[in-house]
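This is what each chain is made of:
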Amino acid sequence: MAQSDPSILLSWAQLQGIEIHKSVQINSTPHAGLGIYYTGSDTLVTLEDAKQSTLISVPRNVILTAENVRTFSLSYGTTLRPLLRIGEDDERVSERATILRFLLFSLHEFVAPKLQKIAKESNCYAAYVDFMPSPLLQRKDDAHSQLESSSSLSDLPPPPPTFWTPGQISKAAGTSLYSPLSAKLRLLSSEFEQFSSQWREVFEKVDGAGEKDVEISFEEYVRADWLVASRVMELPIGDELGLGIVPLIDFANHSTPFHVNARYEITDDAVKLVSLPGQIAPEDEVLISYGPNKGTSEILFTYGFLIDSEDAGCESVKMRVRDGGVLQLVYGRPPVAEFDVREGEVTWDCEFLWLLCMTEEDEFEVSVAQKVEGPPDVDISIRGRTLSGVRGQAAVEAVKEAYGSDEKMKDVFELRRVLILEKWVSGWMEDLARVEVRESVEADEHIAELEDEGKGSWKEKDPVDGIIETLRQREERVYLLVLQALENRKKDLVESVDVLAYLAAQDEKPAAEGEAAEAVETDEIR
Ligand SMILES: C[S@@+](CC[C@H](N)C(=O)[O-])C[C@H]1O[C@@H](n2cnc3c(N)ncnc32)[C@H](O)[C@@H]1O
């Protein structure tokens, strides 16, 4: 872990042929761990139309891609190949798994001299992976040194969500983080079960291997998974998109658009970190964006920190919709409802609602033909025309094309979508309110007050609780704005001539005013 002088990392990088701007350094950052710094004595100015300054350029052959890892492992004789499942075509592992397995091998503390030699001395990545962060170890080490310095444990960056305890995870119930996090941990634990026995099988054949060599812990596995997830980027590899960890550039931290001063540039030969038009002053940290469209809990899930949404000027929630019906059939995996708040204005992207706002009366039907093997065939019937095997966004487009131009029903369809969404968002609000984390945070605050008043010494506050509570409050705020916007839209729609005509024709009570408008339920308008 990041314990040594970061200048070693730069020397390692230069040895690998990585080109580094003379004023670039790696240093500790308040953002957690290490970061890239510009340390020149003059401000680095990059103009819009001028060639941008390259800060770091990493040749393709140094990038940790599955292909490079496989090629590289050939120089290890036969030890590493079985772990990467090389030469076993029917057991070939994914790109992500290849990189993850290589990291685990490079990071594991082997005892047997032969393994130690391969993993550390002959491994040209050993010096680099040594600087990769280790949230749990970091916390243990820091906690130890803090016992001596008696500063607060809650000042430390909290561990990323895959490191949270079951108790901490359960407090995230109701937030958009909860279900992807639970699913991820289920996946990791089933992967680990298979992987740990493969690991044992591979290394117990090595001369002199002991129990420490053949045992791999779940903690190590979760750490390697987090390292891959938080450092990997998508790269064109040949004609396809692949994955790779780009050494050194992977030390760039994230910031909001206002502070971002660099970006990646991918060429046929290298991946570069280049400055953006503007200025980088001496001692500035070089900051990139991990993705402008990522939601708050997505960033938390993958990288382990909460973005400063005020600074970012936006807040977004991405919630996976589990309807167990039409959406499940058409999408396979439930789709994601996206909500964005920018400068107080809320917008959403829930196009898949088109699949739910049609009824048999509109000559719309989704049916399933169960096959003996494999996933069922899904047929979508639109006004007598049957589309077979059209899934996901393509199905939504087909429905929009067929019904979107129906001027008379336009408002009715929209009202149905608004009502469904309103029901969902209200449900999610209730889920958010249900969990007891708030009580525990309030209890913590109460304890802090008692401590301030000198009425005893209490256990440290759990920083994860604070993160979850902030996420909960932010998501609640977004949903509230969505509900307000839906309410306004609903008011307009129930007064629309076409909706009133439709309801009259359905022999329903016209829902034109006040209370009546409130009473329109999804099923009624359907
Ligand atoms: C690609 S790495 C960046 C280098 C990292 N700081 C290190 O020491 O290895 C991504 C990780 O850096 C940390 N990080 C990046 N940007 C951050 C930010 N704005 N706030 C807090 N932590 C951040 C998070 O731990 C994240 O998972």
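Residues numbered from 1 in each chain as written. Predicted model: local features only at pLDDT ≥ 70, side-chain atom pairs only at ≥ 80, totals over all residues. Heavy atoms only, no water.

### Observations regarding the overall build of the protein chain
Tallying secondary structure elements over the protein chain gives 20 helices and 19 strands in all. Classification of the 526 residues of the protein chain by burial places 47% in the buried group. Expressed as a percentage of contacts within the protein chain between residues at least 6 apart in sequence, the contacts between residues at least 24 apart total 67%. Approximately 26,300 Å² of the protein chain is accessible, and the part contributed by carbon and sulfur atoms is 50%. (Helix = DSSP H or I, 4+ residues; strand = E, 2+ residues; numbered from the N terminus. Buried < 20%, exposed > 50% of the residue type's maximum accessible area, 1.4 Å probe, protein only. Contact = heavy atoms within 4.5 Å. Areas by Shrake-Rupley, 256 points an atom, 1.4 Å probe, with all protein chains shown as cover.)

### A few points about the sheet that holds strand E18 (residues 377-382)
By way of backbone hydrogen bonds, the strands of a sheet pair with one another, either parallel or antiparallel. Judged by pairing direction, the sheet is antiparallel, and its three strands sit side by side in the order E17-E18-E19 without closing on themselves. For this open sheet the edge positions go to strand E17 (364-369) and strand E19 (385-388), each flanked by a neighbour on one side alone. Across this sheet, the average inter-strand angle for adjacent strands is 20 degrees, counted without regard to direction. Pairing between E17 and E18: six bridges, direction antiparallel. For Ala369, the partnering residue across the bridge sits in E18 and is Asp377. Helix-sheet contacts for helix H14 (residues 392-403) involve E17, E18 and E19, and the interaxial angle to E18 is about 10 degrees. (Pairing = 2+ DSSP bridges. Axes fitted to C-alpha atoms, helices over the stretch in contact; angles between N-to-C directions.)

### Focus: the site of the ligand
Close contacts around the ligand come from 16 residues, with His31, Ala32, Leu34, Asn253 and Tyr303 the closest. Within the backbone of His254, one N or O atom sits 2.9 Å away from a nitrogen atom of the ligand. Among the elements of the structure, helix H10 (218-231) and strand E9 (253-254) are those that each provide at least two residues to the shell around the ligand. Top contributing element to the shell around the ligand by residue count: H10, with three residues. (Near = heavy atom within 4 Å. Polar contact = N/O pair within 3.5 Å; in protein donor to acceptor, adjacent residues only side chain to side chain.)

### Considering the pattern of salt bridges
Taken as a whole and judged by the stated rule, the model has 21 salt bridges. The shortest N-O distance in the salt bridge between Lys400 and Glu351 comes to 2.4 Å. Of the two residues, Lys400 sits in helix H14 while Glu351 sits in the loop between strand E16 (345-349) and E17, which places them 49 residues apart along the sequence. Using a relative accessible area of 25% as the deciding quantity, one classes Lys400 as partly exposed. On the accessibility criterion, Glu351 (26% relative accessible area) is partly exposed. Counted as one network, the salt bridges with shared partners bring together Arg96, Lys184, Glu191 and Asp225. (Salt bridge = Lys/Arg side-chain N within 4 Å of Asp/Glu carboxyl O.)

### Some remarks on the nonpolar core
Counting 86 residues, the largest nonpolar core has Ile56, Tyr128, Trp164 and Phe203 as its most contacted members. Those residues within four positions of Phe203 in sequence are excluded, and the remaining contacts are Thr79, Leu83, Phe105, Phe110, Leu115, Ala209, Asp213 and Val214. Residues Met319, Phe339, Val425 and Leu432 belong to the second largest nonpolar core, which totals 52 residues. (Core = buried A, V, L, I, M, F, W, Y, C linked by side-chain atoms within 4.5 Å.)

### Description of the packing of aromatic side chains
For the structure on display, the rule yields 28 aromatic pairs. Geometrically, the ring pair formed by Trp428 and Tyr479 is tilted, given 5.8 Å between the ring centres and 40 degrees between the ring planes. Of this pair, Trp428 sits in helix H15 (residues 410-434) while Tyr479 sits in helix H17 (residues 463-494), and the two are 51 residues apart along the sequence. Pair check on accessibility: Trp428 and Tyr479 agree, each one buried. Sitting over the face of the ring of Phe251, Arg231 holds its NZ or CZ atom 4.7 Å from the ring centroid. Here Arg417 stacks its cationic end above the ring of Trp354, 4.0 Å away from the centre of that ring. (Phe/Tyr/Trp six-rings, centres within 6.5 Å; stacked < 30°, edge-to-face > 60°. Lys NZ or Arg CZ within 6 Å of the ring centre and 35° of its normal.)

### Structural notes on the pairing of E19
Alignment of E18 against E19, held across four bridges, turns out to be antiparallel. By the bridge assignment, Ile382 is partnered in E19 with Arg385. Hairpin connection from E18 to E19: two residues lie between these consecutive antiparallel strands, with Arg383 at a positive phi of about 45 degrees.

### Focus: the side chain of Asp362
Within the element layout of this structure, Asp362 appears in the loop between E16 and E17. Here Asp362 falls in the buried class, since its relative accessible area comes to 9%. Those residues within four positions of Asp362 in sequence are excluded, and the remaining contacts are Cys357, Arg383, Tyr403, Met409, Phe413 and Arg416.

### Considering the environment of Ser23
Of note, Ser23 is situated in the loop between strand E1 (19-20) and strand E2 (24-28). Residue class for Ser23 comes out buried when judged on its relative accessible area of 10%. Separated by 468 residues in sequence, Ser23 and Lys491 place their C-alpha atoms 60 Å apart. If we skip the residues at most four places from it in the chain, Ser23 touches Tyr37, Tyr38, Thr39 and Gly40.

### Notes on H14
Compared with an ideal rise of 1.5 Å per residue, which puts 12 residues at 16 Å, H14 spans 17 Å between its outermost C-alpha atoms and is within 8% of the ideal. Of all the residues in H14, the buried ones are Gly392, Ala395, Val396, Ala398, Val399, Ala402 and Tyr403. End-on, the buried residues of H14 take up no more than an arc of 160 degrees, which puts them together on one face. As for H14, its buried residues are in contact with helix H13 (326-331), E17, E18, E19 and H15. (Expected span 1.5 Å × (residues − 1). Arc of directions from axis to C-beta.)

### A word on the side chain of Arg85
Looking at the element boundaries, Arg85 is found in the loop between helix H2 (66-73) and helix H3 (95-107). A polar side-chain atom of Arg85 sits 2.8 Å from the main-chain carbonyl oxygen of Pro82. Not counting residues up to four positions away in its chain, the partners in contact with Arg85 are Glu91, Arg92, Val93, Arg101, Gln198 and Val202.

### A short note on the state of the cysteines
With the rule as written, the count across this model stands at zero disulfides. For Cys350, which is in no disulfide, the shortest distance to another cysteine sulfur is to Cys357 and amounts to 12 Å. (Disulfide = S-S within 2.5 Å.)

### Overview of the confidence of the model for the protein chain
For the protein chain, per-residue confidence averages 86 on the pLDDT scale, and residues scoring 70 or more make up 86% of the total. Per-element averaging of pLDDT across the protein chain places helix H20 (residues 522-525) at the bottom with 44 and E1 at the top with 98. Ignoring residues within four places in sequence, the model shows residues 146-154, a span with pLDDT below 50, making 11 contacts including any to other chains. Across residues 512-526 the pLDDT falls below 50, and counting only partners more than four positions away or on other chains, this stretch makes 33 contacts in the model. (pLDDT = per-residue confidence, 0-100.)

### Digging into the sheet that holds E1
Read across the open sheet, the four strands follow the order E1-E5-E11-E10; overall the sheet is antiparallel. If you trace the sheet from one side to the other, it starts and ends with E1 and strand E10 (262-266), each paired once. Bridging between E10 and strand E11 (residues 270-275) involves five bridges; their strand directions are antiparallel. Across the sheet, the residue bridging to Arg263 is Val274, located in E11.

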